[in-house]
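The chain contents come next:
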Amino acid sequence: MRILFISNYSDLYGANRSMLTIIEHFKKKGDEVALILPKHGNIEETLVQKNIKYVVISCFTQLYYYKPQLKYLALPFLAMHTYFQISKIEKYVCSFEPDLIYSNTSAENLGIKIAKKNGIKHISHIREFMDLDHDARFVYGRKKKKDYINQSDGVIYVSNSVANHVNMGEPLKEWQRVIYNGVDTVDWEYSDKSIPEELNLGVVGIFDPEKGQDVAIGMMPSILMCYPKAKLHVWGDKEGKYKKRLYSMVNQMELEENVIFHGFEKNPNIIYKDMDILMMCSRSEGFGRVTVEAMQRAIPVLGYKSGGTSELVKDGFNGYSFLTQEDCVCGLKKMLSSEMEFNKLRKNAYDDARTNYTVDLYCSRVEAFVEMIMKNK
(Lines give C-alpha, C1' and ligand atoms only; values in the text may rest on other atoms or scores of the structure.)
Protein backbone atom coordinates (compact mmCIF):
# COMPACT_ATOMS: atom_id res chain seq x y z
CA MET A 1 0.00 0.00 0.00
CA ARG A 2 1.11 3.54 -0.75
CA ILE A 3 0.15 6.18 1.84
CA LEU A 4 0.61 9.92 1.43
CA PHE A 5 0.48 11.91 4.67
CA ILE A 6 -0.19 15.66 4.76
CA SER A 7 0.69 17.84 7.76
CA ASN A 8 -0.55 21.37 8.36
CA TYR A 9 2.71 22.48 10.04
CA SER A 10 6.40 21.60 9.99
CA ASP A 11 7.54 21.58 13.62
CA LEU A 12 8.07 18.63 15.92
CA TYR A 13 5.21 19.19 18.37
CA GLY A 14 2.66 16.65 19.61
CA ALA A 15 0.49 16.11 16.52
CA ASN A 16 3.46 15.60 14.22
CA ARG A 17 5.22 13.38 16.73
CA SER A 18 2.14 11.16 16.83
CA MET A 19 1.99 11.20 13.03
CA LEU A 20 5.64 10.13 12.78
CA THR A 21 4.85 7.12 14.95
CA ILE A 22 2.25 5.98 12.41
CA ILE A 23 4.48 6.73 9.42
CA GLU A 24 7.32 4.69 10.91
CA HIS A 25 4.94 1.80 11.63
CA PHE A 26 3.67 1.56 8.07
CA LYS A 27 7.18 2.02 6.68
CA LYS A 28 8.47 -0.90 8.79
CA LYS A 29 5.55 -2.99 7.49
CA GLY A 30 6.86 -2.47 3.99
CA ASP A 31 4.31 0.09 2.83
CA GLU A 32 5.46 3.05 0.70
CA VAL A 33 5.01 6.27 2.67
CA ALA A 34 5.59 9.94 1.91
CA LEU A 35 4.79 13.25 3.59
CA ILE A 36 3.85 16.70 2.29
CA LEU A 37 4.90 19.66 4.46
CA PRO A 38 3.60 23.23 3.92
CA LYS A 39 6.99 24.83 4.66
CA HIS A 40 10.47 24.04 5.95
CA GLY A 41 10.76 23.29 9.67
CA ASN A 42 12.61 21.40 12.38
CA ILE A 43 10.74 18.16 11.64
CA GLU A 44 12.91 17.76 8.54
CA GLU A 45 15.99 16.75 10.53
CA THR A 46 14.06 13.84 12.04
CA LEU A 47 12.61 12.84 8.66
CA VAL A 48 16.10 12.68 7.18
CA GLN A 49 17.40 10.65 10.15
CA LYS A 50 14.55 8.16 9.80
CA ASN A 51 14.84 8.06 5.99
CA ILE A 52 11.23 9.14 5.49
CA LYS A 53 10.42 10.52 2.05
CA TYR A 54 8.96 14.03 2.11
CA VAL A 55 8.45 17.13 -0.01
CA VAL A 56 7.92 20.78 0.94
CA ILE A 57 5.22 22.56 -1.05
CA SER A 58 4.50 26.10 0.14
CA CYS A 59 0.81 26.40 0.96
CA PHE A 60 -1.71 27.36 3.64
CA THR A 61 -3.41 24.06 4.45
CA GLN A 62 -5.97 25.37 6.96
CA LEU A 63 -7.93 27.26 4.32
CA TYR A 64 -11.31 27.08 6.02
CA TYR A 65 -10.30 28.29 9.46
CA TYR A 66 -9.91 31.79 10.78
CA LYS A 67 -9.12 33.44 14.09
CA PRO A 68 -10.56 36.75 15.29
CA GLN A 69 -7.20 38.44 14.77
CA LEU A 70 -6.14 41.22 12.41
CA LYS A 71 -3.54 39.05 10.70
CA TYR A 72 -6.31 36.78 9.43
CA LEU A 73 -7.41 39.56 7.11
CA ALA A 74 -4.67 38.08 4.93
CA LEU A 75 -6.64 34.83 4.63
CA PRO A 76 -7.93 35.60 1.08
CA PHE A 77 -4.36 36.18 -0.12
CA LEU A 78 -3.15 32.97 1.54
CA ALA A 79 -6.03 31.13 -0.08
CA MET A 80 -5.11 32.58 -3.47
CA HIS A 81 -1.47 31.57 -3.04
CA THR A 82 -2.53 28.06 -2.06
CA TYR A 83 -4.91 27.85 -5.01
CA PHE A 84 -1.98 28.32 -7.38
CA GLN A 85 0.05 25.73 -5.42
CA ILE A 86 -2.61 23.02 -5.64
CA SER A 87 -1.36 22.04 -9.10
CA LYS A 88 2.06 21.29 -7.57
CA ILE A 89 0.47 19.16 -4.86
CA GLU A 90 -1.62 17.27 -7.41
CA LYS A 91 1.46 16.75 -9.57
CA TYR A 92 3.24 15.17 -6.60
CA VAL A 93 0.15 13.07 -5.84
CA CYS A 94 0.12 11.80 -9.40
CA SER A 95 3.83 10.94 -9.28
CA PHE A 96 3.54 9.12 -5.93
CA GLU A 97 0.25 7.37 -6.85
CA PRO A 98 -1.06 6.83 -3.30
CA ASP A 99 -3.77 4.35 -2.42
CA LEU A 100 -4.62 6.50 0.60
CA ILE A 101 -4.22 10.15 1.57
CA TYR A 102 -3.93 10.66 5.33
CA SER A 103 -4.60 14.14 6.74
CA ASN A 104 -2.89 14.44 10.11
CA THR A 105 -5.12 17.09 11.74
CA SER A 106 -8.47 18.78 11.19
CA ALA A 107 -6.51 21.94 10.36
CA GLU A 108 -5.34 20.28 7.14
CA ASN A 109 -8.07 20.96 4.58
CA LEU A 110 -6.47 20.12 1.23
CA GLY A 111 -6.21 16.35 1.59
CA ILE A 112 -9.95 15.78 1.39
CA LYS A 113 -10.35 17.94 -1.72
CA ILE A 114 -7.44 16.35 -3.57
CA ALA A 115 -8.44 12.81 -2.58
CA LYS A 116 -12.02 13.29 -3.76
CA LYS A 117 -10.96 14.93 -7.02
CA ASN A 118 -8.58 12.07 -7.85
CA GLY A 119 -10.69 9.15 -6.59
CA ILE A 120 -8.29 8.29 -3.75
CA LYS A 121 -9.43 7.13 -0.34
CA HIS A 122 -8.92 9.57 2.52
CA ILE A 123 -8.60 9.44 6.30
CA SER A 124 -8.84 12.46 8.61
CA HIS A 125 -7.05 12.11 11.95
CA ILE A 126 -8.72 14.71 14.17
CA ARG A 127 -6.34 15.64 16.98
CA GLU A 128 -7.81 18.91 18.26
CA PHE A 129 -11.01 20.89 18.84
CA MET A 130 -9.72 23.90 16.85
CA ASP A 131 -12.26 26.38 18.27
CA LEU A 132 -11.83 25.50 21.95
CA ASP A 133 -8.07 25.02 21.96
CA HIS A 134 -6.80 27.28 19.17
CA ASP A 135 -9.68 29.76 18.88
CA ALA A 136 -9.86 28.81 15.19
CA ARG A 137 -13.35 28.71 13.69
CA PHE A 138 -14.50 26.99 10.52
CA VAL A 139 -15.60 29.75 8.17
CA TYR A 140 -18.93 28.09 7.35
CA GLY A 141 -19.82 27.09 10.91
CA ARG A 142 -19.58 23.97 13.05
CA LYS A 143 -22.12 21.86 11.13
CA LYS A 144 -20.40 22.50 7.81
CA LYS A 145 -17.09 21.62 9.45
CA LYS A 146 -18.54 18.29 10.58
CA ASP A 147 -19.96 17.64 7.11
CA TYR A 148 -16.68 18.55 5.44
CA ILE A 149 -14.59 16.23 7.63
CA ASN A 150 -17.15 13.45 7.16
CA GLN A 151 -16.51 13.45 3.42
CA SER A 152 -13.48 11.37 4.42
CA ASP A 153 -13.69 7.61 3.97
CA GLY A 154 -12.52 7.26 7.57
CA VAL A 155 -12.21 9.58 10.57
CA ILE A 156 -10.04 8.97 13.64
CA TYR A 157 -10.59 11.06 16.77
CA VAL A 158 -7.86 11.36 19.36
CA SER A 159 -10.28 11.26 22.32
CA ASN A 160 -13.97 10.91 23.12
CA SER A 161 -14.06 14.59 24.05
CA VAL A 162 -12.83 15.65 20.60
CA ALA A 163 -15.17 13.19 18.89
CA ASN A 164 -18.20 14.44 20.81
CA HIS A 165 -17.38 18.08 20.11
CA VAL A 166 -16.42 17.86 16.43
CA ASN A 167 -19.15 15.35 15.54
CA MET A 168 -21.63 17.49 17.51
CA GLY A 169 -22.75 14.70 19.82
CA GLU A 170 -23.80 12.31 17.06
CA PRO A 171 -23.05 8.61 17.68
CA LEU A 172 -19.97 7.47 15.80
CA LYS A 173 -20.47 5.28 12.75
CA GLU A 174 -18.37 2.28 11.73
CA TRP A 175 -16.00 4.48 9.71
CA GLN A 176 -15.45 6.84 12.66
CA ARG A 177 -13.27 5.73 15.56
CA VAL A 178 -11.69 7.03 18.77
CA ILE A 179 -8.06 5.88 18.98
CA TYR A 180 -5.90 7.22 21.78
CA ASN A 181 -2.33 8.21 20.93
CA GLY A 182 0.53 5.93 21.82
CA VAL A 183 3.77 7.17 23.33
CA ASP A 184 7.14 5.44 23.06
CA THR A 185 7.70 3.40 26.22
CA VAL A 186 10.80 4.61 28.00
CA ASP A 187 13.30 2.28 29.65
CA TRP A 188 12.53 3.28 33.21
CA GLU A 189 12.09 0.96 36.18
CA TYR A 190 9.55 1.81 38.87
CA SER A 191 10.54 2.15 42.50
CA ASP A 192 8.86 3.81 45.48
CA LYS A 193 10.22 7.12 46.68
CA SER A 194 9.79 9.38 49.66
CA ILE A 195 7.71 12.54 49.51
CA PRO A 196 10.24 15.20 48.51
CA GLU A 197 10.82 18.11 50.84
CA GLU A 198 11.68 20.31 47.86
CA LEU A 199 8.69 19.56 45.64
CA ASN A 200 9.32 19.82 41.88
CA LEU A 201 6.16 20.59 39.91
CA GLY A 202 6.28 20.76 36.13
CA VAL A 203 4.27 22.24 33.28
CA VAL A 204 5.18 21.30 29.70
CA GLY A 205 4.10 22.73 26.35
CA ILE A 206 4.42 25.44 23.75
CA PHE A 207 3.71 28.89 25.20
CA ASP A 208 0.05 29.43 24.40
CA PRO A 209 -2.86 30.68 26.54
CA GLU A 210 -4.72 27.43 25.95
CA LYS A 211 -1.83 25.44 27.44
CA GLY A 212 -2.44 27.26 30.73
CA GLN A 213 1.06 28.08 31.91
CA ASP A 214 -0.46 31.20 33.45
CA VAL A 215 -2.85 29.01 35.45
CA ALA A 216 0.05 27.01 36.93
CA ILE A 217 2.02 30.14 37.78
CA GLY A 218 -1.06 31.77 39.30
CA MET A 219 -1.48 28.81 41.66
CA MET A 220 2.04 28.98 43.04
CA PRO A 221 1.35 31.44 45.91
CA SER A 222 -1.34 29.11 47.28
CA ILE A 223 0.88 26.06 46.79
CA LEU A 224 3.80 27.79 48.51
CA MET A 225 1.63 28.44 51.58
CA CYS A 226 1.42 24.66 52.01
CA TYR A 227 4.77 23.66 50.51
CA PRO A 228 7.23 26.57 50.97
CA LYS A 229 10.07 24.84 49.10
CA ALA A 230 8.02 23.95 46.03
CA LYS A 231 9.29 24.94 42.60
CA LEU A 232 7.46 25.11 39.27
CA HIS A 233 9.56 24.12 36.27
CA VAL A 234 8.21 25.54 33.01
CA TRP A 235 9.29 23.62 29.91
CA GLY A 236 8.50 25.12 26.51
CA ASP A 237 8.80 28.35 24.59
CA LYS A 238 7.33 30.58 21.92
CA GLU A 239 8.06 34.25 21.39
CA GLY A 240 5.15 36.64 21.70
CA LYS A 241 2.84 38.50 24.03
CA TYR A 242 1.96 35.44 26.07
CA LYS A 243 5.60 34.72 26.91
CA LYS A 244 6.05 38.30 28.06
CA ARG A 245 2.91 37.95 30.15
CA LEU A 246 4.25 34.83 31.88
CA TYR A 247 7.55 36.48 32.77
CA SER A 248 5.68 39.56 33.96
CA MET A 249 3.47 37.43 36.22
CA VAL A 250 6.52 35.84 37.84
CA ASN A 251 8.10 39.24 38.46
CA GLN A 252 4.95 40.87 39.81
CA MET A 253 4.25 37.94 42.14
CA GLU A 254 7.91 37.81 43.19
CA LEU A 255 8.21 34.16 42.25
CA GLU A 256 11.66 34.33 40.63
CA GLU A 257 13.05 31.79 43.10
CA ASN A 258 10.15 29.39 42.69
CA VAL A 259 9.34 29.46 38.94
CA ILE A 260 12.12 28.34 36.60
CA PHE A 261 11.84 28.77 32.83
CA HIS A 262 13.83 26.11 30.97
CA GLY A 263 12.88 26.92 27.38
CA PHE A 264 12.23 24.31 24.68
CA GLU A 265 13.73 20.88 25.25
CA LYS A 266 13.16 18.05 22.77
CA ASN A 267 14.52 15.30 25.05
CA PRO A 268 11.68 14.13 27.35
CA ASN A 269 14.14 12.34 29.64
CA ILE A 270 15.63 15.70 30.58
CA ILE A 271 12.21 17.28 31.12
CA TYR A 272 10.91 14.60 33.48
CA LYS A 273 14.16 13.63 35.21
CA ASP A 274 13.50 15.44 38.50
CA MET A 275 9.76 16.12 38.19
CA ASP A 276 7.58 14.92 41.07
CA ILE A 277 4.14 16.02 39.84
CA LEU A 278 2.93 17.20 36.43
CA MET A 279 0.47 20.08 36.22
CA MET A 280 -1.60 19.74 33.04
CA CYS A 281 -3.41 23.07 32.95
CA SER A 282 -4.58 23.11 29.33
CA ARG A 283 -8.26 23.99 29.30
CA SER A 284 -9.01 22.09 26.08
CA GLU A 285 -6.38 19.42 25.52
CA GLY A 286 -7.36 17.08 22.69
CA PHE A 287 -5.44 14.14 24.16
CA GLY A 288 -2.31 14.95 26.16
CA ARG A 289 0.95 13.28 25.11
CA VAL A 290 2.67 15.15 27.92
CA THR A 291 0.31 13.56 30.45
CA VAL A 292 1.17 10.06 29.24
CA GLU A 293 4.90 10.82 29.03
CA ALA A 294 4.83 11.87 32.68
CA MET A 295 2.74 8.90 33.79
CA GLN A 296 5.15 6.50 32.09
CA ARG A 297 7.79 7.76 34.49
CA ALA A 298 5.52 7.31 37.55
CA ILE A 299 4.72 11.01 37.77
CA PRO A 300 1.14 11.58 38.97
CA VAL A 301 -0.85 14.38 37.35
CA LEU A 302 -2.85 17.36 38.51
CA GLY A 303 -5.02 17.87 35.44
CA TYR A 304 -7.59 20.42 34.34
CA LYS A 305 -10.94 18.62 34.24
CA SER A 306 -11.79 19.02 30.55
CA GLY A 307 -11.00 17.59 27.13
CA GLY A 308 -8.77 14.57 26.79
CA THR A 309 -7.17 15.24 30.18
CA SER A 310 -10.45 14.29 31.88
CA GLU A 311 -10.19 10.87 30.18
CA LEU A 312 -6.57 10.26 31.17
CA VAL A 313 -6.52 11.55 34.76
CA LYS A 314 -8.61 9.44 37.12
CA ASP A 315 -9.18 10.99 40.54
CA GLY A 316 -7.50 9.08 43.33
CA PHE A 317 -6.03 6.56 40.89
CA ASN A 318 -3.24 8.23 38.88
CA GLY A 319 -3.73 11.85 39.95
CA TYR A 320 -6.41 14.41 40.64
CA SER A 321 -8.42 16.74 38.43
CA PHE A 322 -9.36 20.33 39.17
CA LEU A 323 -11.47 23.22 37.93
CA THR A 324 -10.52 25.82 40.52
CA GLN A 325 -7.39 26.82 42.39
CA GLU A 326 -8.92 25.38 45.55
CA ASP A 327 -9.49 22.05 43.76
CA CYS A 328 -5.87 21.98 42.64
CA VAL A 329 -4.39 22.66 46.06
CA CYS A 330 -6.78 20.14 47.61
CA GLY A 331 -5.72 17.51 45.05
CA LEU A 332 -2.06 18.24 45.77
CA LYS A 333 -2.64 17.80 49.50
CA LYS A 334 -4.36 14.46 48.88
CA MET A 335 -1.48 13.32 46.68
CA LEU A 336 1.03 14.11 49.40
CA SER A 337 -1.10 13.08 52.37
CA SER A 338 1.11 10.06 52.95
CA GLU A 339 3.97 8.21 51.36
CA MET A 340 1.66 5.27 50.74
CA GLU A 341 -0.86 7.46 48.87
CA PHE A 342 1.86 9.20 46.85
CA ASN A 343 3.40 5.91 45.73
CA LYS A 344 0.01 4.35 45.01
CA LEU A 345 -0.71 7.18 42.55
CA ARG A 346 2.78 6.90 41.08
CA LYS A 347 2.52 3.13 40.51
CA ASN A 348 -0.97 3.40 39.03
CA ALA A 349 0.16 6.15 36.66
CA TYR A 350 3.14 4.02 35.63
CA ASP A 351 1.04 0.89 34.97
CA ASP A 352 -1.82 2.76 33.29
CA ALA A 353 0.42 4.53 30.76
CA ARG A 354 2.37 1.38 29.92
CA THR A 355 -0.79 -0.69 29.47
CA ASN A 356 -3.25 1.59 27.68
CA TYR A 357 -1.19 4.17 25.75
CA THR A 358 1.60 2.21 24.10
CA VAL A 359 2.88 2.69 20.56
CA ASP A 360 2.13 -0.96 19.71
CA LEU A 361 -1.50 -0.63 20.78
CA TYR A 362 -1.88 2.72 19.01
CA CYS A 363 -0.35 1.53 15.74
CA SER A 364 -2.20 -1.79 15.70
CA ARG A 365 -5.52 0.03 16.12
CA VAL A 366 -4.70 2.55 13.39
CA GLU A 367 -3.52 -0.24 11.09
CA ALA A 368 -6.70 -2.29 11.64
CA PHE A 369 -8.83 0.80 10.98
CA VAL A 370 -6.93 1.63 7.78
CA GLU A 371 -7.32 -1.94 6.55
CA MET A 372 -11.07 -1.80 7.23
CA ILE A 373 -11.43 1.49 5.37
CA MET A 374 -9.45 0.24 2.39
CA LYS A 375 -11.62 -2.88 2.16
CA ASN A 376 -15.09 -1.63 3.00
CA LYS A 377 -15.65 2.01 2.10
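Each value, and the rule that gives it
- Residues numbered from 1 in each chain as written.
- Predicted model: local features only at pLDDT ≥ 70, side-chain atom pairs only at ≥ 80, totals over all residues.
- Heavy atoms only, no water.
- Helix = DSSP H or I, 4+ residues; strand = E, 2+ residues; numbered from the N terminus.
- Rg over C-alpha atoms; globule rule 2.2 N^0.38 Å.
- Contact = heavy atoms within 4.5 Å.
- Areas by Shrake-Rupley, 256 points an atom, 1.4 Å probe, with all protein chains shown as cover.
- Lys, Arg positive; Asp, Glu negative; His and termini not counted.
- Charge placed at Lys NZ, Arg CZ, Asp CG, Glu CD.
- Salt bridge = Lys/Arg side-chain N within 4 Å of Asp/Glu carboxyl O.
- Buried < 20%, exposed > 50% of the residue type's maximum accessible area, 1.4 Å probe, protein only.
- Pairing = 2+ DSSP bridges.
- Axes fitted to C-alpha atoms, helices over the stretch in contact; angles between N-to-C directions.
- Patch = residues over 30% accessible without salt bridge, like charges linked within 9 Å, V, L, I, M, F, W, Y side chains within 5 Å.

Q: Residues and numbers for the overall build of the protein chain, please.
A: Counting secondary structure elements, the protein chain contains 15 helices and 15 strands. Expected size for 377 residues packed as a compact globule is a radius of gyration near 21 Å; at 21 Å, the protein chain falls within 12% of this value. Overall, the protein chain is about 60 × 45 × 40 Å in size when its C-alpha atoms are taken along their principal axes. In the protein chain, once contacts between residues fewer than 6 apart in sequence are set aside, the share between residues at least 24 apart is 69%. Here the protein chain has roughly 17,000 Å² of accessible surface; of this, 52% comes from carbon and sulfur atoms. Side-chain charges of the protein chain comprise 50 positive and 48 negative groups, with the mean position of each set lying 6 Å from the other.

Q: For the pattern of salt bridges, give the residues involved together with the corresponding values.
A: A complete count under the given rule lists 21 salt bridges for this structure. Here lysine 50 and glutamate 24 are joined by a salt bridge, their closest N and O atoms 3.2 Å apart. A residue pair is termed long-range when its members are at least 10 positions apart, and lysine 50 in the loop between α2 (43–49) and β3 (54–56) and glutamate 24 in helix α1 (residues 14–29) qualify at 26 residues. Classification of lysine 50 as partly exposed rests on a relative accessible area of 34%. For the salt bridge of lysine 229 with glutamate 197, the shortest nitrogen-to-oxygen distance reads 2.7 Å. With a gap of 32 residues between them, lysine 229 in the loop between α8 (213–226) and β11 (231–235) and glutamate 197 in the loop between β9 (176–178) and β10 (200–204) connect regions that are remote in the sequence. Judged by its relative accessible area of 41%, lysine 229 falls in the partly exposed class. Since its relative accessible area comes to 61%, glutamate 197 is described here as exposed. It is possible to trace a salt-bridge network through shared partners that takes in Lys143, Lys146, Asp147 and Glu170.

Q: Explain the sheet that holds strand β12 (residues 259–263) residue by residue, including any values.
A: Across the sheet, which stays open at both edges, the six strands sit in the order β12-β11-β10-β13-β14-β15 with parallel pairing between neighbours. Every interior strand has two partners, whereas the edge strands, β12 and β15 (319–322), have only one. Each strand axis lies, on average, 20 degrees off the axis of its neighbour in the sheet, ignoring direction. As defined by bridge partners, β10 adjoins strand β13 (residues 277–280) across two bridges and the pair is classed as parallel. Paired with leucine 201 across the bridge in β13 is isoleucine 277. Strands β10, β11, β12, β13 and β15 of the sheet are contacted by α8, whose axis makes an angle of about 170 degrees with β11.

Q: Please set out a nonpolar patch on the surface residue by residue, giving values where relevant.
A: Residues Tyr66, Val139 and Tyr140 make up a contiguous nonpolar surface patch of roughly 300 Å² in combined accessible area. Within the secondary structure layout, tyrosine 66 lies in strand β4 (residues 65–66).

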